[in-house]
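# An overview of the molecular structure
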Amino acid sequence: MANDNRQLEPAALQPNIAQIGQAMLEEAQEQSASLRKQADDYKAQQFSQAEHEVLVELYGKIQGEIAQIKGSSVREIARQENAMRQELLLHREALTGKVFDAVSKRLLAFAATSQYRDFLLETASSLCGLFPQEGSVLLVAPRDLPFADDLAKAFGKGCRVEASDAIRLGGLQCQNQEAGLFADETLDSKLEDQRAWFAAASGLTVE
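To keep things clear, this report deals only with the structure shown in the data block. (Residues numbered from 1 in each chain as written. Predicted model: local features only at pLDDT ≥ 70, side-chain atom pairs only at ≥ 80, totals over all residues. Heavy atoms only, no water.)

### Digging into the side chain of Asp188
Formally: Only DSSP runs of H or I covering at least 4 residues are called helices, and only runs of E covering at least 2 are called strands; the numbering of each starts at the N terminus. Residue exposure (1.4 Å probe, protein chains only): buried if accessible area is under 20% of the type maximum, exposed if over 50%, otherwise partly exposed. Counted charges follow a simple rule, with Lys and Arg positive, Asp and Glu negative, and His plus the chain ends left uncounted. Here, a salt bridge means any Lys or Arg side-chain nitrogen found within 4 Å of an Asp or Glu carboxyl oxygen. Identification of polar contacts relies on pairs of N or O atoms within 3.5 Å, with a donor-acceptor requirement for protein atoms, meaning one able to donate a hydrogen and the other able to accept it, and with residues adjacent in sequence counted only if both atoms are side-chain atoms. Only heavy atoms enter the contact rule, under which two residues are in contact if any of them lie within 4.5 Å.
Among the secondary structure elements, Asp188 is positioned in helix H4 (residues 187-201). No salt bridge is formed by the buried Asp188; the nearest opposite charge belongs to Arg168, separated by 4.6 Å. Among the polar contacts listed, one links the side chain of Asp188 to the backbone nitrogen of Leu169, at a separation of 3.1 Å. Apart from residues no more than four positions distant in its own chain, Asp188 is found in contact with Ala166, Ile167, Arg168, Leu169 and Gly170.

### Some details on the nonpolar core
Quick reminder of the rule: For the purposes of this section, nonpolar cores are sets of buried Ala, Val, Leu, Ile, Met, Phe, Trp, Tyr and Cys residues that join through side-chain atoms within 4.5 Å.
Membership of the largest hydrophobic core comes to 24 residues, with the highest contact counts inside it found for Leu127, Leu138, Leu151, Phe155 and Leu172. For this core, the secondary structure elements donating two or more residues are helix H1 (10-111), helix H2 (114-128), strand E1 (137-140), helix H3 (148-155), strand E3 (171-176) and H4. With six residues, the top contributor of residues to this core is H2. Apart from residues no more than four positions distant in its own chain, Leu172 is found in contact with Leu120, Thr123, Ala124, Leu127, Leu139, Val140, Leu151, Ala183, Asp184, Glu185 and Thr186.

Written as structure tokens, this is what we have:
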């Protein structure tokens, strides 16, 4: 039987070598594409993470700036409100002062009339009912001492009349230390009592 084991000639190996080479080339290209994709995915992931970190940092800075602006705005508004309150308060005090100065002048003018004496005597008589004990003292403005005798008679019950520098506009104060009684019917106190009412009624309150 003839021997078939013949040695392959180099020409017969060429197609197989070419196929192997092509297969290796294709595999290398696939590996290269896979590596490029992995690299691209890694870069994209890293970029996305870096982008996220930058955005978080920027957001934090923006929030901080907003908080600072809000804080500055609140402080500025509070400062302006306080300044306006002070300005309104000064304006109210100035206006109230002018009004009450004018009223004070009118009361002083009234104290120079004959009707003022009648007012003092009527006030002394009305106070008599509030001070049943003897030993009371009627206090008047120094200029009203000439009415002392008439006032003592109108009041009765053995009172005495003294001058008080605390009374500027006029009227009477009455006190009885033993009974612990005191009454203020001066024009000064009546005018002062009107200040709070005036501020509210005139719309000059500062809230």
